Structures are given as structure tokens and as C-alpha cells.
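# Chains, contacts and geometry: an overview
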Amino acid sequence: MKRLYILIFVIFAAFLPSVFAAYNVNTDDNEYVSDKVYFSHLCTFGKIEADAIHLKKGRILFYAGRENKPEKIETAIMPVNTTEKKISFKSGDITIATVDANGVVTPTGKAGETVVEMTAGKAKARMKVSTVKPAEGVEIHPESMTLYADRPVTAQLRANVLPVDATIKTVTWKSADESVAFVDEEGLVYPNGIGQTEIVAETDDGGYKAKCAVTVTTWEKRKENIPTEYKEYDLTLSKMVDMQMTAEPTIFTTNAQPAYREEVESYVNPANLIAGYNKYQFLNLGIQNGVDADVLDTYLKGKGILSGKGETFKTAAELYNVSEVYLVIHSCLETGSGTSKLANGIEYNGTTVYNMFGIGAVDNDPIGGGARYAYEHGWMSPEAAIDGGAEWISENYINNTKYRQNTLYKMRWNPESPANHQYATDVEWAGKQAKTMAAMFEAFPSASYRYEVPVYKGTEKAQIR
């Protein structure tokens, strides 16, 4: 009877499911490691072939230039009761790492990556082995920033893992107080509430940290702190208007019409322009705003040919002493946010040329004129067009040694020499540009800038508000 029970149990066990248990396995680099632990059917006699080699992890990591202990590959052959217990190991590149018969991996010290292949009967597995250049620190840019709760515009942080040839350059971002500011996995900072906090970048290799001090305040408070310079001129407002009338100013309704004296005076008088978007007519465009290339790129994202050109604008602005934010804004305006024909390259005399600021694009032939100017000045790439355009704007207006037309107001009215070297005849031109600039400048809440307001003889200083 006892033997009968044993026989019945063996027959019953032959029909049991093969999976009995499982364990958790951690892997990286999307390596797949099965976690099923199973037995072959109990009624099987003789040789039981191996089906799979399980690994406890998918990768072994060593560091170049450091003392590394050899590491044994932890394996499990399935099914558990296989008769093929022996695993053979082979390194794909012995100049990176070797492996012995017991699965012990030893790095050579040379940086690089290889794969250890494992075989047990028909079962196979692969293990990545990497020797990397270790991280030794991290820098964060900028190290401080100010955002505005009532202007919820994001700002981009950049983390540079050191040294520059470190293999693993990823960082994890974290805010010390998310009620003040939140940071996403790409280092983009969002203001949440008034206060101060720190944004921390921690290297995934080595755990090195760098911090950015973040202040969140209100835009109204910011306006109180923007410095204003007053430039006095030795002519009355009335005389200024008299001189402007000789230049045949226009005003646009459905088309260009001659402007009346009263209309000219209204747009010339600083007292009418010191509030709302009009105050941006007085923004000094000849100073740097302290906006990083990464922040410029955040604004330029999705703007056609201009996307990713933040570093080019930043470099040109520094080289020619022009506001980097203004250069970006001016280029976006002139190119239809990077979509115009001139911006995207047009063939002229068999050569593709680019024009990012509409320079030379005369009214009667804007495409031909702009292309010809770009060809004559060698603007054969988007970068050359940005650099050349910035130089032209600086030399002809913003930093012109004779006129110093470093504000939109000055570009239009030129109080240094009224009715001469003026950018447009439309009395509303500066205001139209300022309206766009107001919206765009406020997209850069970390930018620093200042105003320069004219004061005509016999008039009071107009206070920006």
C-alpha cells in the first residue's frame, strides 16, 4: 500500500505546473533577465537540459584610474534540477576585462565596454562589463536665479559633470522646497510660491552635488529695482517735433498717411511712454542681460531654423556688445520665428545664403535684396548670418560712434541728430516693436537690464512705472 501511494504521488507530480517560485532581479541598460525559478517535471529521468541562465544583474561597472576588486557574476541555471551545472564564460574583449572559469571578472584598467558571454548546454546569457572614467565633481549654471510667482515662466539650469571626459554625465535634479520652486528631470525650474530655495544637481556617478540658489518674488517688486538713466538733450520738445516734421513722418491706418504735428508730439514725448509696454522703448540694448545660452534655447525651441542657436546668439551679443535677449527677439520678429525664406536659406548666384535679421530686405524686393546682402557679406550658414547681423546692428545703430542709438526710441527718433539716420518713418514704429519686446522680455525673468530715458530742455524727468 505504501508503494502505491508513492507511485500515485509521482504520477500526480508529473502534471504539476513547472513554476514554483520567483525572485526579484535588478538590471540596467534595458537588459532582460527572467526571474522565474522552476523545476523540470519530477518524473523526468536521466539528462535534464538547461533552458536558461539567470543573472542577478545586467551589468558590472568598474572605474578607470581606481583600484577595482574583481567581481563574480552571480548566476542560476534553470531548471533548478538541470544536470548541466557547468557554465563556460568568455570575454568579448580581453583588453577591457577578463573572466575566469568561475565567472570572476577582472578589469584591465582600460576604459571601454565589453560583453561576457555565458553558455550552459543550449542556454546562453550575456553580461555587460564597463570600465568608465569616473566623475569627480559637478558645476551648475547659473548658480543663482530669480523667478516671479506672478510671471510663471520657466528657467533652464545646466549641470556640467567634471571632468569633461567623464563617462557617466547624468545628474538627478531636486528642489529643497517644491512649494517655492519645482525642477523637472531636465533641469527646468518652475516657480510655485514666493520664497527662497535651493535646486540641487547630484551626479548619478559618485553622488557629487552642486546647488543653485533660487529666489521667487513678484514682478511688481522687480519693476521697482530696475535702474533708470536719464539722458539730457539741449533742445526743447517743441524744437524736437519741428525737426521731426521735416522728415515727413507717417502714421498707418489702412495705409501710410502723413502724420499730423500733434500725432508726432504724442509719440515723441517721453511722458506718454513711461508705462505699460511702451516703456520698453527705453530699454538699453547695448548691455548684456546675463541670460545663459540654455535659457535662450528654451525660448527658441520650436522656432524653426533658430531652434538650438542660443549659444550663437550669446556669443555674438558678447562680441558686439549687444543685448542677447534683444538679438533673439529681433531675429524672431524679422524671420517669422525662424520660418522665413531668407532665414532658411535661399540660393543666390549658385550659393545658399542666410539672413536672420532682414538686413538689406528692401520694400520693393525683400527676398532679392536680403539674399544679395547676405551673399555680399558671406553669410553662407545660419551661424554666420546671426554673427554678421549682430555686427551690423551694433555698428550701425546700438554702438554707432556718432549716434549711439541704443534704444528703440533712439532708433526711431534719434534725439542726437533729429530727422537723420532714423530706422523708420512710422511714428508708431518704436511702440509696435516695444509691444512685442514687452511680451518677449518677460519670457526671460532672470534677465537684468536698465532703462535710458531722454529729457528735453524745460521738461521733467519721466519716471518709469
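Since we're looking at a predicted model, the values are computed, not measured.

So, about the sheet that holds strand β10 (residues 112-120). By definition, the strands of a sheet pair up through backbone hydrogen bonds, in either a parallel or an antiparallel sense. Spatially, β4-β11-β10-β7 is the arrangement adopted by the four strands of the open sheet, whose pairing is mixed. Both outer strands of the open sheet, β4 (59-63) and β7 (88-91), are each paired with one neighbouring strand and no more. Between one strand axis and the next, the sheet turns by 20° as a mean value, whatever way the strands run. With five bridges joining them, β4 and strand β11 (residues 123-132) adopt parallel strand pairing. Bridge assignment links Tyr63 to a residue of β11, and that residue is Val132.

Turning our eyes to something else, we now look at the side chain of Glu324. Mapped onto the elements, Glu324 comes out in helix α7 (residues 324-335). Classification of Glu324 as buried rests on a relative accessible area of 0%. There is a polar contact of 2.9 Å between the side chain of Glu324 and the backbone nitrogen of Val291. Leave out the neighbours within four places in its chain, and Glu324 touches Gln288, Asn289, Gly290, Val291, Leu296, Lys314 and Ala317.

Our focus in this paragraph is the nonpolar core. One finds Phe313, Tyr326, Leu327 and Tyr449 to be the most contacted residues of the largest nonpolar core, which totals 74 residues. Here the element with the most residues in this core is helix α11 (residues 429-441); it accounts for seven residues. For Leu327, the contacting residues outside a window of four places in its chain are Phe313, Ala316, Ala317, Val322, Phe357, Ala390 and Ile393. With 21 residues, the next largest nonpolar core counts Met145, Ala181, Ala201 and Cys212 among its residues.

What follows deals with unusual backbone geometry. Omega for the bond connecting His141 with Pro142 falls within 30 degrees of zero, at -10°, which places this linkage in the cis form. Inspection of the secondary structure puts Pro142 in the loop between β12 (137-141) and β13 (144-148). Here Leu162 and Pro163 are connected by a cis peptide whose omega angle stands at -5°. By the element assignment, Pro163 lies in the loop between β15 (158-162) and β16 (171-175). The backbone of Glu248 sits at a positive phi, close to 55°, despite the residue not being glycine. Topologically, Glu248 is positioned in the loop between α3 (237-245) and β22 (250-252). Although it is not a glycine, Asn414 sits at a positive phi angle of roughly 45°. Tracing the chain through its elements places Asn414 in the loop between α10 (408-413) and α11.

As a further point, take the confidence of the model for the protein. Here the protein averages 87 in pLDDT, while 89% of its residues score no lower than 70. Overall, residues 2-33 carries pLDDT values under 50, and its contacts beyond four positions in sequence, including any with other chains, amount to 43 contacts.

Attention now goes to helix α9 (residues 382-398). Every buried residue of α9 is accounted for by Pro382, Ala385, Ile386, Gly388, Gly389, Ala390, Ile393, Ser394, Tyr397 and Ile398. Tucked inside the fold, the buried residues of α9 contact α6 (310-320), α7 and α10.

The interhelical angle for the contact between helix α5 (residues 293-300) and α6, taken along N-to-C directions, is 125°, at an axis separation of 8 Å. Looking at the two axes, α5 sits oblique to α6. Of the two possible hands of crossing, α5 and α6 adopt the one that is right-handed. Where α5 abuts α6, its residues Ala293, Leu296, Asp297 and Leu300 lie against Gly310, Glu311, Phe313 and Lys314. Partitioning the contact of α5 with α6 into residue classes produces four nonpolar, one polar and three charged.

Per the stated rule, a full pass over the model turns up ten aromatic pairs. Seen in terms of ring centroids, Phe182 and Tyr190 are 6.0 Å apart; in terms of plane orientation they differ by 45°. Their pairing is tilted. Their ring planes at 55° and their centres at 5.9 Å tell us that Trp392 and Tyr397 sit as a pair that is tilted. What links up through ring pairs into an aromatic cluster is the set Trp392, Tyr397, Tyr423 and Trp429. Stacked on the ring of Tyr299, the Lys or Arg Lys303 has its end atom at 4.2 Å from the ring centre.

Another point: the pattern of salt bridges. Counted under the stated rule, the structure contains 13 salt bridges. Ionic pairing is found between Asp165 and Lys133, a salt bridge with its closest N-O pair at 3.0 Å. With Asp165 in the loop between β15 and β16 and Lys133 in the loop between β11 and β12, this pair connects stretches of sequence that are 32 residues apart. For Asp165, a relative accessible area of 45% translates into the label partly exposed. Judged by relative accessible area, which is 26%, Lys133 ranks as partly exposed. Here Asp426 makes a salt bridge to Lys432, at a shortest N to O gap of 2.8 Å. For Asp426, a relative accessible area of 6% corresponds to the buried category. Residue Lys432 is classed as partly exposed on the basis of its relative accessible area of 39%.

What counts, and where the lines are drawn
Residues numbered from 1 in each chain as written. Predicted model: local features only at pLDDT ≥ 70, side-chain atom pairs only at ≥ 80, totals over all residues. Heavy atoms only, no water. Pairing = 2+ DSSP bridges. Helix = DSSP H or I, 4+ residues; strand = E, 2+ residues; numbered from the N terminus. Axes fitted to C-alpha atoms, helices over the stretch in contact; angles between N-to-C directions. Buried < 20%, exposed > 50% of the residue type's maximum accessible area, 1.4 Å probe, protein only. Polar contact = N/O pair within 3.5 Å; in protein donor to acceptor, adjacent residues only side chain to side chain. Contact = heavy atoms within 4.5 Å. Core = buried A, V, L, I, M, F, W, Y, C linked by side-chain atoms within 4.5 Å. pLDDT = per-residue confidence, 0-100. Parallel < 35°, antiparallel > 145°, perpendicular 65-115°, else oblique. Left-handed = near helix turned anticlockwise from the far one by under 90°. Nonpolar A, V, L, I, M, F, W, Y, C, P; charged D, E, K, R; others polar. Phe/Tyr/Trp six-rings, centres within 6.5 Å; stacked < 30°, edge-to-face > 60°. Lys NZ or Arg CZ within 6 Å of the ring centre and 35° of its normal. Salt bridge = Lys/Arg side-chain N within 4 Å of Asp/Glu carboxyl O.

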